[in-house]
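Chain residues, written in single-letter form:
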Amino acid sequence: MSSLVIQTAFLGDVVLTTPLLSALAARHGPVDVVTTPLAAPLLETHPAVRQVIAYDKRGADRGWSGIRRLGAQLRTARYERAYLAHRSLRSATLALLARIPKRIGFSGGWSFLYTERRPKPRMGHETDRLLALANEAPDVYPPQLQPTAEDERAAAAAAAAGAGALIDGSFVALAPGSIWGSKRWPYFAELAAWLAKHVGLVVVGGADDVALGEEICRAAKGGGGRRTAVNACGKLTLRQSAALIGRAAVLVTNDSAPLHLATAMRTPVIALFGPTITEFGFGPVRPGDVALGVELECRPCSSHGPRSCPLGHHRCMRDLPVEVVTQAIEDLGALRRRN
Ligand code: SF4
């Protein structure tokens, strides 16, 4: 008899669910997790996880037939309890079809399909709000990821591409991408030009970020600096990217999944917030990490960040200058190893 956690939200949400997994594993033993195919490899090596079941809710498993098929598969495992981290009809229906006798989720929405409802705290960090699902106190379990030795080797090779000196941990990682256009800070290239005068840098991101990574690396090389810039976008798996971020002196990122990867890998973070704010519960969580944003009446303008600025000026990010970010990097001591 075991526990199942269902979390099929965005990648960052899955990383922020890892404290809940740790708390449940400490209480009941390692848990099984249903999550997205994208996030599944991140959890496969987590010490609190026994098995990951990928649920391709928008692809091969979409629709009612996919829910029924997975529900029948989960039924054979005879789980004792299910924790529903994502308030969705899909998650609630899956646990019901799997005939899991205890179904624990947050109040509201489809919670009439649960057997136990817990209020989701309105305030606090998302990691702590998710821990409330297990009646666990905040701050006990930090977000955690565990890349393999092979992941570490791939990360080291990526960081060394073109400059072996980068693998000593003295590089800055940049994560300039976001699926929400309005969350992208527009000055990563200028930042890279400044950084390349002081320290190596690696751009991390997915296949969609390759061109942006190239542009940033070109700016680094064209800015007169002699330090190496490596574009690792699209070259690594997610776990390898986490391992690479784990080797960086600091990560500079938008309000996007790499922020949470850095938290889980215990790498200092400078997070740049535009249309969203840290009070939503998805900011840096550790003391010493930095969240930067500008005061504007229109901010925040949406919970996720719109695709583009509804007012057209995008001042929430355009008014956040490079100098503020470079000062934060200096203050964190990320350049101390420079020669
Ligand atoms: S409306 Fe304001 S907060 Fe929203 S994207 Fe535009 S500038 Fe940013």
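Residues numbered from 1 in each chain as written. Predicted model: local features only at pLDDT ≥ 70, side-chain atom pairs only at ≥ 80, totals over all residues. Heavy atoms only, no water.

**So, the overall build of the protein chain**
Step number 1: When helices and strands are tallied, the protein chain shows 13 helices and 12 strands.
Step number 2: Taking 20 Å as the expected radius of gyration for a compact globule of 339 residues, we find that the protein chain reaches 21 Å, a close match to that expectation.
Step number 3: Its C-alpha atoms put the protein chain at 65 × 45 × 35 Å along the principal axes.
Step number 4: Here the protein chain holds 339 residues, and the buried ones make up 55% of them.
Step number 5: Residue pairs in contact within the protein chain that sit at least 24 positions apart in sequence constitute 62% of those at least 6 positions apart.
Step number 6: In the form shown here, the protein chain has an accessible surface area of approximately 14800 Å², with 52% of it arising from carbon and sulfur atoms.
Step number 7: Side chains of the protein chain carry 40 positive and 29 negative charges; the gap between the two charge centres is 6 Å. (Helix = DSSP H or I, 4+ residues; strand = E, 2+ residues; numbered from the N terminus. Rg over C-alpha atoms; globule rule 2.2 N^0.38 Å. Buried < 20%, exposed > 50% of the residue type's maximum accessible area, 1.4 Å probe, protein only. Contact = heavy atoms within 4.5 Å. Areas by Shrake-Rupley, 256 points an atom, 1.4 Å probe, with all protein chains shown as cover. Lys, Arg positive; Asp, Glu negative; His and termini not counted. Charge placed at Lys NZ, Arg CZ, Asp CG, Glu CD.)

**As for the site of the ligand**
Step number 1: For the ligand, the full set of nearby residues is P275, C298, R299, C301, C309, P310, L311, H313, H314, R315 and C316.
Step number 2: A per-class count over the shell around the ligand returns seven nonpolar, two polar and two charged. (Near = heavy atom within 4 Å. Nonpolar A, V, L, I, M, F, W, Y, C, P; charged D, E, K, R; others polar.)

**Comments concerning the sheet that holds strand β4 (residues 81-84)**
Step number 1: Across the sheet, six strands lie side by side as β3-β2-β1-β4-β5-β6; this open sheet has parallel pairing. Among the strands making up the open sheet, the edge pair consists of β3 (49-54) and β6 (116-118). Ignoring which end each strand starts from, the neighbouring axes of this sheet average 20° apart.
Step number 2: The sheet contact formed by β4 and strand β5 (residues 102-106) spans four bridges and is parallel. Counted as the bridge partner of L84 is G105 from β5.
Step number 3: Helix α4 (residues 63-75) rests against β1 (3-6), β2 (31-35) and β3 of the sheet, and its axis sits at about 155° to β3. (Pairing = 2+ DSSP bridges. Axes fitted to C-alpha atoms, helices over the stretch in contact; angles between N-to-C directions.)

**Focus: helix α2 (residues 18-28)**
Step number 1: Judged by how many residues are buried, α2 sits mostly within the fold: eight of 11 residues are covered.
Step number 2: When α2 is considered as a whole, its buried residues turn out to be T18, P19, L20, L21, S22, A23, L24 and A25.
Step number 3: Backbone geometry just after α2 places G29 at a positive phi near 100°.

**Details of the sheet that holds strand β10 (residues 250-254)**
Step number 1: Pairing in this open sheet of six strands is parallel, and the strands run β9-β8-β7-β10-β11-β12 from one edge to the other. For this open sheet the edge positions go to β9 (229-231) and β12 (290-292), each flanked by a neighbour on one side alone. Taken pair by pair, the neighbouring strands of this sheet meet at an average axis angle of 15°, ignoring direction.
Step number 2: By the bridge criterion, four bridges tie β10 to strand β11 (residues 269-272) in an arrangement that is parallel. Each bridged residue has a counterpart across the sheet, and for L251 the counterpart in β11 is V269.
Step number 3: With respect to the sheet, helix α8 (residues 188-195) is in contact with β7 (172-175), β8 (201-203), β10 and β11, its orientation differing from that of β7 by roughly 170°.
Step number 4: Helix α11 (residues 257-264) contacts β7, β10 and β11 of the sheet and is inclined by roughly 155° relative to β10.

**Remarks on a nonpolar patch on the surface**
Step number 1: A grouping of L89, W110 and F112 is seen on the molecular surface, where their side chains present a nonpolar patch of about 320 Å² in accessible area.
Step number 2: With respect to the helices, strands and loops of the structure, W110 is situated in the loop between β5 and β6. (Patch = residues over 30% accessible without salt bridge, like charges linked within 9 Å, V, L, I, M, F, W, Y side chains within 5 Å. Salt bridge = Lys/Arg side-chain N within 4 Å of Asp/Glu carboxyl O.)

**Overview of the pairing of β10**
Sheet faces and side chains relate simply in a regular strand, where the side chains alternate between the two faces.
Step number 1: Across the five residues that make up β10, a large majority, five, are buried.
Step number 2: Across the two faces of β10 the burial is the same, with V250, V252 and N254 and L251 and T253 all buried.
Step number 3: Here β7 runs beside β10; their pairing, made up of four bridges, is parallel. Bridging across to β10, A173 finds its partner in L251.
Step number 4: The parallel pair β10 and β11, bridged by α11, forms a crossover whose chirality is right-handed. (Right-handed = clockwise from strand over helix to strand, strands pointing away.)

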